[in-house]
Amino acid sequence: MNGPSLEATPQQQRALERFYYYEARLLDNRQYQQWLALVSPEIRYLMPSRVNVMVDNRARGKEEMISVDRELEGPDSLGCPIREEGYIHLMVRAERAFKINSWSENPPARTRRIVGNVELVGQRGEELSVLSNFHLYYARPGGESCVYSGQRRDVLSPAEQGYTIEKREVIMDYANIEVPTLGLLF
Amino acid sequence: MRVSELVNEDASLVSRRCWSDAGVYELEKRGIFRRAWLFLGHESQIRNPGDFVQAYMCETPVILARGMDGGLHASVNSCTHRGLPVCRADHGNTKRFICPYHNWSYSVEGNLVTIPQESAVANKPDKAVLGLKQVPRVASWRGMVFGCFDENVESLEDYLGDMRFYLDAFFERFPGGIEFLGAPHRWVINANWKLPVENQLGDVNHGAFLHSAIIPREAQDLIEELGFSAVTRAGHGATFRLMPQGAPVDEVAWGMEGMGGMFGGAEVQEYLREIQSHAAERVGDIRARMKGLTYGIYPNLSFLWSNTSFKVSHPRGPGKVEYWSWAVVPADAPDSIKRVLRTNYSSFFGPAGILEQEDSEVWVQQFQGSNIDFADDRPYYYGLGLGEEAPHPELPGLVSVTANEFYARHFFRRWRDELQAVEGQS
């Protein structure tokens, strides 16, 4: 993504932010079943792994030399992304929170996320490409608290409740992974 | 504290201090990691001259590279001048490793090539003796590259011994062998390095309990009914199911019960059946019927056959581990199939894995329990199935049911003996 975002109308921008705030509230309130209703049955939910790559000498002095995307082993690569999931994965993740024998959710973590930098960056027919950033504070009884930081690259389609998430790619800002799990719903 | 006080004779009792004591950890470095063959990487990651990957031998950073001579070289990633790492990338291809501090540069084999400052001094240093510290023994078996800091260590083949029988049940199934995908997922966990190892060495018994939200009881019953645990030598172990003769191909074939087989579509399923249809001619009848679960290679390499992932538990002190894991796929599978098969690892294991998020949490909690005071008269009980393992007519090693914790007792007997061998030495 290069250049400024599309010129969204104030209504469009407001609708996107309203949707993301609602989604964040559902996730922080552990209303995962309601959250699942925001997700397309065909969703692609991706998290590339992040690699320390060699400097490409030919790119020296240019922005591409240190571009974020060079560090990502994504779904098209022959590396190994952290997550390549569909609806069934998200359903399993959502449902296990409601089982008393899901030991890593029991007692559940306390989370609070701030979503911002919402930018409409593309539009194809009714589908919108939207970027957003998040900081997520995570505190789990018996473990250390931590902060997750990342970017979401979404494809949304219009729906009754605002939008449906058709695709989400989560770019995590980690060097070594020092959080208890990257398996949360971001 | 004496090592003999940590693990009793038959290793049915294991002290909490084995997991948490800083002095014990120093003994582990000298008694185990200084002397054992340690996994460095797979040849599929370094096919061409100049290719390299990062590795660790305990806490010591190592570069594993394919030299311009085509050979394998393992160099300690620390400049001979001031000790900085000379390589920062996870993997890549290069002619030189260059220290950022004063630009001493090294060949990919680890030889010192240039000292920029030497032209300004009269006495020229002898560059021939100032290369990167070399790992003195490097060897490869089936593409798996290991290194050892003890020049006098036995051969890698002897070290692996009969574990090769079980590893080949997987490796030799595929005409082109296997391939490691991408950079490892590197994950810091506040746990002792031995618990991930023990978990993957033979502990399938926690499945129906810790993972009961995901693994149904019936699936675990089937594992236990058909399951075996084998120890080929203390510290090396395998658990697997031996499917009945004549079982349908879809029940025996590797991968069919994973994400690829379940959701990968007809192309992936056909590929998996095709591999299984040649399994008996490639690895023999009994190994063709094997469906592996967990494997462990002493001291800290694990292989999770069921989700095809290799893992290394790199210690970072008694209470911290840097856990590395890779997805592994058949090398000659089409790229589209490799991409499907790797999700059988990443869906369940690795840093976002639905199962591993439960494992890693208990590993952290076990360390906390091992680090408490006033409970040293309650060592951990490792006596389940004591003495119930026995030789098997067709399977190498000692063999038993999966509930028998002999895999862990053997590990701790070897661990104790190797620590005792260096105890009192400086």
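This one's a predicted model, so the numbers in the text were calculated from it and none came from an experiment.

Quick notes on the overall build of chain A
- Helix and strand counts for chain A stand at three helices and eight strands.
- Taken over the C-alpha trace, chain A has a radius of gyration of 17 Å; the compact-globule value for 186 residues is 16 Å, and the two agree within 12%.
- Overall, chain A is about 55 × 40 × 25 Å in size when its C-alpha atoms are taken along their principal axes.
- The long-range fraction of contacts in chain A, counting pairs at least 24 apart against all pairs at least 6 apart in sequence, stands at 61%.
- Surface accessibility of chain A: about 9,700 Å² in total, with carbon and sulfur atoms responsible for 49%.

A short note on the interface of chain B and chain A
- Facing the 41 residues of chain B at the interface are 39 residues of chain A.
- In this assembly, chain B and chain A are joined by three salt bridges.
- The salt bridge partner of A:Arg96 is B:Glu358, with a shortest N-O separation of 2.4 Å.
- Our count for the chain B to chain A interface comes out at 27 residue pairs in polar contact (both at pLDDT 80 or more).

Quick word on the nonpolar core
- Membership of the largest hydrophobic core comes to 150 residues, with the highest contact counts inside it found for A:Tyr148, A:Leu182, A:Phe186, B:Tyr295, B:Phe310, B:Phe412 and B:Trp415.
- Element by element, the count of residues in this core is highest for helix α16 (residues 406-422) of chain B, at eight residues.
- Residue-level mapping places this core at the junction of two domains, with at least three residues from each of domain 1 (38-140) and domain 2 (162-422) of chain B.
- Beyond its immediate chain neighbours, meaning those up to four positions away, B:Trp415 contacts B:Leu6, B:Val7, B:Cys18, B:Val24, B:Glu28, B:Ile32, B:Trp193, B:Lys194 and B:Tyr298.

Concerning the packing of helix α2 (residues 22-33) of chain B against α16(B)
Residue and element names in this part refer to chain B.
- Across the interface, α2 lies against α16 with an axial gap of 8 Å and an inter-helix angle of 90 degrees. Classified by the angle between their axes, α2 and α16 sit roughly perpendicular to one another. On α16, the residues that touch Val24, Leu27, Glu28, Arg30, Gly31 and Ile32 of α2 are Trp415, Glu418, Leu419 and Val422.
- Its residues placed into classes, the contact of α2 with α16 shows six nonpolar, one polar and three charged.

Side note on the sheet that holds strand β17 (residues 309-315) of chain B
All names here are of chain B.
- On the basis of which strands lie adjacent, the open sheet formed by nine strands has the order β12-β18-β17-β16-β15-β14-β13-β21-β20 and antiparallel pairing. Edge positions in the open sheet fall to β12 (178-189) and β20 (390-391), since each of these has one partner strand only.
- Two elements, β20 and strand β21 (residues 398-400), share two bridges in a ladder whose sense is antiparallel. Opposite Ala390, over in β21, you have Val399 as the bridge partner.

Overview of the pattern of salt bridges
Residues and elements named next belong to chain B.
- A full pass over the atoms with the stated rule returns 41 salt bridges over all chains.
- Put simply, Arg186 and Asp90 hold a salt bridge, and the shortest N to O gap is 3.3 Å. Taken together, the positions of Arg186 in strand β12 and Asp90 in the loop between β5 (72-76) and β6 (91-93) put the pair 96 residues apart, joining distant regions of the chain.
- The exposure class assigned to Asp90 is buried, which follows from its relative accessible area of 7%.
- Between Glu154 and Arg233 there is a salt bridge, with the nearest N and O atoms lying 3.1 Å from each other. Of this pair, Glu154 sits in the loop between β11 (144-148) and α3 (156-160) while Arg233 is found in strand β13 (residues 227-233), placing the two residues 79 residues apart along the sequence.
- Given the relative accessible area of 31%, Glu154 is considered partly exposed.

Some words on the sheet that holds strand β8 (residues 162-172) of chain A
Residue and element names in this part refer to chain A.
- The sheet built from six strands is open, its strands ordered β4-β1-β8-β7-β6-β5 with mixed pairing. Unpaired on one side and paired on the other, β4 (83-85) and β5 (110-124) mark the two borders of the sheet. Between one strand and the next, the sheet's axes are offset by a mean angle of 20 degrees, whatever the strand orientation.
- Where strand β1 (residues 39-47) lies against β4, three bridges are found, and the strand directions are antiparallel. Across the sheet, residue Met47 finds its bridge partner in β4, namely Arg83.
- In the packing of helix α1 (residues 10-28) onto the sheet, contacts are made with β5, β6 (127-139), β7 (146-159) and β8, and the angle to β5 comes to roughly 150 degrees.
- The sheet strands contacting helix α3 (residues 87-96) are β1 and β4, and the helix crosses β1 at an angle near 85 degrees.

How each quantity is defined
- Residues numbered from 1 in each chain as written.
- Chains lettered and ligands numbered in written order.
- Predicted model: local features only at pLDDT ≥ 70, side-chain atom pairs only at ≥ 80, totals over all residues.
- Heavy atoms only, no water.
- Helix = DSSP H or I, 4+ residues; strand = E, 2+ residues; numbered from the N terminus.
- Rg over C-alpha atoms; globule rule 2.2 N^0.38 Å.
- Contact = heavy atoms within 4.5 Å.
- Areas by Shrake-Rupley, 256 points an atom, 1.4 Å probe, with all protein chains shown as cover.
- Salt bridge = Lys/Arg side-chain N within 4 Å of Asp/Glu carboxyl O.
- Polar contact = N/O pair within 3.5 Å; in protein donor to acceptor, adjacent residues only side chain to side chain.
- Core = buried A, V, L, I, M, F, W, Y, C linked by side-chain atoms within 4.5 Å.
- Buried < 20%, exposed > 50% of the residue type's maximum accessible area, 1.4 Å probe, protein only.
- Domains from an automatic or database assignment.
- Axes fitted to C-alpha atoms, helices over the stretch in contact; angles between N-to-C directions.
- Parallel < 35°, antiparallel > 145°, perpendicular 65-115°, else oblique.
- Nonpolar A, V, L, I, M, F, W, Y, C, P; charged D, E, K, R; others polar.
- Pairing = 2+ DSSP bridges.

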